[in-house]
Amino acid sequence: MGEWLGTLGLAWPRLVLYPGGLSALGFAWVLDCLLVYSVDRSVFASTRTAPVDGATGGGPWLILDLSAVVAPLLIISLLPVPLSGYFAYTPDLLVALVLLDWPWLCWYGRRCMPVLSGSTSRGVAPSVSSPWKGGQGVLEGWRHLYEAYGLLVLSLLAVAQTQGSLRLEALTVSSASATLAHQALRWLGMAGWSVALLMLLLREADLDQTMTSGLWWGLRLRTGGHVLLAWLPWFPLLQPRSWLLLLPLLLLVSALALVTWRPDMLLRHLWPIVWRSLMLGIGLTFSRVIYELLVARLC
Amino acid sequence: MRSLRFVSHLYYLLALLAVLWLTWYVRDVPLEPALFAGQLRVDSLSTFFALLTLLLALVQSVLSLRSVWPTLLLTLCLAGAYATSNLLLVAAGYLLATLIEVVGGRLPRSVPLAPRAIWLLLPVVCFAVAVAGLQTQAGTWHYQASLAGVGLSSFVFWFVLLATILGSAVHVYAHVLTSGITSGPHTYTLAGICLALAWCYPLVRLYSLGPWNAGWHAATLLLGGALALWTVCRALVAPITMRTHWLLSSQLGVALIGLGMGTSAGIVAGCYALMLVPLLLAGLAFPAPSQTQAVVPSPVTLSWALWLLSPALPLTAPFVSFWMGIGAAAAGRMFLLVGILWVTGLLCTLTIVQCPRPLLSAVPGRSGRTVVWVAGISVALGVTAPIVVWMFIRPIVQQLQGGLTPFGDIALWPWGGLIALNAARQPVATLPSLTLLLLMLVLGALAWLLLRLQSMMDNRCG
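Here the structure is a predicted model, which means the values were calculated and not measured.

Engineer: What am I meant to see in the overall build of chain B here?
Structural biologist: Check the secondary structure of chain B and you find 20 helices and three strands. Here chain B holds 462 residues, and the buried ones make up 61% of them. Residue pairs in contact within chain B that sit at least 24 positions apart in sequence constitute 75% of those at least 6 positions apart. On chain B, roughly 17400 Å² of surface is accessible, and the fraction owed to carbon and sulfur atoms is 73%.

This is the structure we're talking about:
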């Protein structure tokens, strides 16, 4: 128990300075400045003057807002990014994704509450505006979200299959993948993961009276956390040239920024083609890898 | 009637205490007393299923889903079936329990009995055929006899699997069971979950006979995965009164996936998933309209409570259940199964998270505060999952070790939480639940400071 308490006690730089705490908040703020969403910011400015306790006041909403900030901040603090040191109690990919998406669930649940919206009743699923459509497209918005999440989960499974593990540290070390199918699966998984982020993270909420400071920070930290998580599988490729380690992160952020500033230019027409190709490619390669595994196990 | 119900609650509580004591007593060596000509044998698996059956009966009794006497007799028959090593007596116990289930529901006389009786007796017939096949090939009715393993053939296995699937997937054909019932059909099928959970016992008991064929594992995984995925999809689109049935069936499907893997990790995952069935029944069973009016918690608290019953937060019991299944699948390098469990968990989250809206418009009753209590139990079970695994499930794994393969284990991570290990004892999935909880508390303080600072700056600027 002494070792565990000692590890926790030495974790404060991770929680407060780097990679969590100030660094995470700074990164989230930079991303927010770069990824300019097409929403009316004057509405948001008026909601942010509301007290922290929320428009309806009371403990439960404060806990919700706090949890929306704490969950992604925690997982960013525990990521095995460069220069962060070793931490013995890192969670795995599943826990990381669930913690990262908690602010989005909080926002969705808050939008579903019919009590909060004052005079208007919001008993229906919230509409999510999309930079692609340039307006309020409910069915299209949800379909793209499901597609993005489907591609994300499949890509994560592809990468995990090549690693043989769901742990976060396993993402940052090279695996002894002998066959061409394994290597192709890893490359396709990393590509699918990066592409899925482009649609997953560019779903900006309608900024109205349900958005509080906590949810706002939570959603930005979610974006930052997803970007950092998608950066991890690139490490094994760049280990020999450690000065290039920042390059995938910069490329990912640039791609997100480009797609936000010029949505019409890029993926309104390309997204279905890219999505279908990646799903098909990963699916076929996965089948090939599973076939090889079964042959090795049964013969 | 109320005093009889109170006495039955007292009986269930006393029986629970007795079973808990028995669980501690048989944790190392099964109990085989010389009573009743050596037909009694109580091991960790028996006490585990007896515990779950009693918990389900208590929840059903509290929710008034069925009359007192049928529930009592049902638990007695099932407890008798778990406590014997003679498979013929096990089959007789299940037959009696099924007959009580058929006859004991609160049904109007105009409802035809025959279709329901046939569907409920089919699993019993399949199990009886399997037991007869085992006796023919091994020459013994007892599963712990030295030559009993010889009788474990494909014929026996397929009939036991068929009995398990037909018995536990009963909600899938609930429309046959409830045809003609006009008021409260969901009450009838929710009452049947006790027997549905009991049908998982024969399948796990097969591990006492010996290791399985690879094809048998594949069949169980396929059927369990199909059940879990299909029922959770139906739960997503079902009306509010039917949603609980589909979610309970999905939970049984997840348990079957774990139990079918044939590894230590799989058994841990399957047994933990079964433990959640009483929890989900207590939390998600919506009341019949005749419940008395009571103080209803605020909508925020209700929605919070329902979210804590979904796999949306890493400290809740449903999340730990899915994590265990995924960890067990990853330890066995079955990443396709990981995907199926992941999707099932996501859809389960969406189903439960969508519940608050209809709940707020439903008739307020006792279920409002019950949901809050059950959510607290869910968090407690999730955070103390290592202790639960160590006390209740590790003894089962040790006693069934002869039939399991070494492709995965879920071990306690000292002071951290849980860790899934593959065949080479390397970690493949980690859940440091206690560490996460403590770090969340620390970060909660930091986050509160941040939000206070933000509001001060906004007030100054605005």
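Don't stop here, the text continues.
Engineer: Is there a simple way to think about the environment of Leu247 of chain B in this case?
Structural biologist: All names here are of chain B. Position of Leu247 among the secondary structure elements: in helix H12 (residues 240-261). In the structure, Leu247 is positioned 129 residues away from Gly376 in sequence and 20 Å away in space, judged by C-alpha atoms. Once you skip the residues sitting within four places of it in the chain, Leu247 turns out to touch Val232, Ala235, Leu284, Cys348, Thr351 and Ile352.

Engineer: I keep staring at the interface of chain B and chain A and nothing clicks. Help me out?
Structural biologist: Buried accessible area, meaning the area lost when the parts come together, often serves as the stated size of an interface. Each partner contributes to the interface: chain B provides 58 residues, whereas chain A provides 63 residues. Taking both partners together, chain B and chain A bury about 5600 Å²; carbon and sulfur atoms supply 78% of that area. In this assembly, chain B and chain A are joined by seven residue pairs in polar contact (both at pLDDT 80 or more). Taken together, the elements giving at least two residues each to the side of chain B that touches chain A come down to helix H14 (299-307), helix H15 (317-331), helix H16 (335-353), helix H17 (356-361), strand E3 (427-431) and helix H20 (433-461) of chain B. Examining the composition of the side of chain B that touches chain A, we find that 19 residues originate from one element, H20 of chain B, more than from any other.

Engineer: I tried to follow the nonpolar core on my own but got confused; where do I start?
Structural biologist: Looking at soluble globular proteins, one finds that nonpolar side chains tend to be buried together. Core analysis: the biggest nonpolar cluster contains 253 residues, and Trp193 and Leu229 of chain A together with Phe49, Tyr272, Trp323 and Met324 of chain B have the highest contact counts within it. Looking at this core, the element that brings in the most residues is helix H13 (residues 264-284) of chain B, giving 16 residues. Contacts of Phe49 of chain B, omitting those with residues within four sequence positions, involve Tyr82, Leu197, Cys200, Tyr201, Val204 and Leu274 of chain B.

Engineer: So what exactly am I meant to see when it comes to the packing of helix H2 (residues 44-62) of chain B against helix H3 (residues 68-82) of chain B here?
Structural biologist: All names here are of chain B. One can describe the packing of H2 onto H3 by two numbers: an axis separation of 9 Å at closest approach and a directional angle of 175°. In terms of axis orientation, H2 runs roughly antiparallel to H3. Note on element contacts: H3 touches H2 through Thr71, Thr75, Leu78 and Tyr82, opposite Ser46, Phe49, Ala50, Thr53, Ala57 and Gln60.

Engineer: Explanation requested: the environment of Ala317 of chain B in the structure shown.
Structural biologist: Residues and elements named next belong to chain B. As for its position among the elements, Ala317 is in helix H15. The exposure class assigned to Ala317 is buried, which follows from its relative accessible area of 0%. In this structure, the C-alpha to C-alpha distance between Ala317 and Tyr143, residues 174 residues apart in sequence, is 33 Å. The residues touching Ala317, leaving out its near neighbours within four places in the chain, are Tyr272, Leu276, Leu279, Ser378, Leu381 and Gly382.

Reading the values: rules and limits
- Residues numbered from 1 in each chain as written.
- Chains lettered and ligands numbered in written order.
- Predicted model: local features only at pLDDT ≥ 70, side-chain atom pairs only at ≥ 80, totals over all residues.
- Heavy atoms only, no water.
- Helix = DSSP H or I, 4+ residues; strand = E, 2+ residues; numbered from the N terminus.
- Buried < 20%, exposed > 50% of the residue type's maximum accessible area, 1.4 Å probe, protein only.
- Contact = heavy atoms within 4.5 Å.
- Areas by Shrake-Rupley, 256 points an atom, 1.4 Å probe, with all protein chains shown as cover.
- Buried area = accessible area lost by both parts, 1.4 Å probe.
- Polar contact = N/O pair within 3.5 Å; in protein donor to acceptor, adjacent residues only side chain to side chain.
- Core = buried A, V, L, I, M, F, W, Y, C linked by side-chain atoms within 4.5 Å.
- Axes fitted to C-alpha atoms, helices over the stretch in contact; angles between N-to-C directions.
- Parallel < 35°, antiparallel > 145°, perpendicular 65-115°, else oblique.

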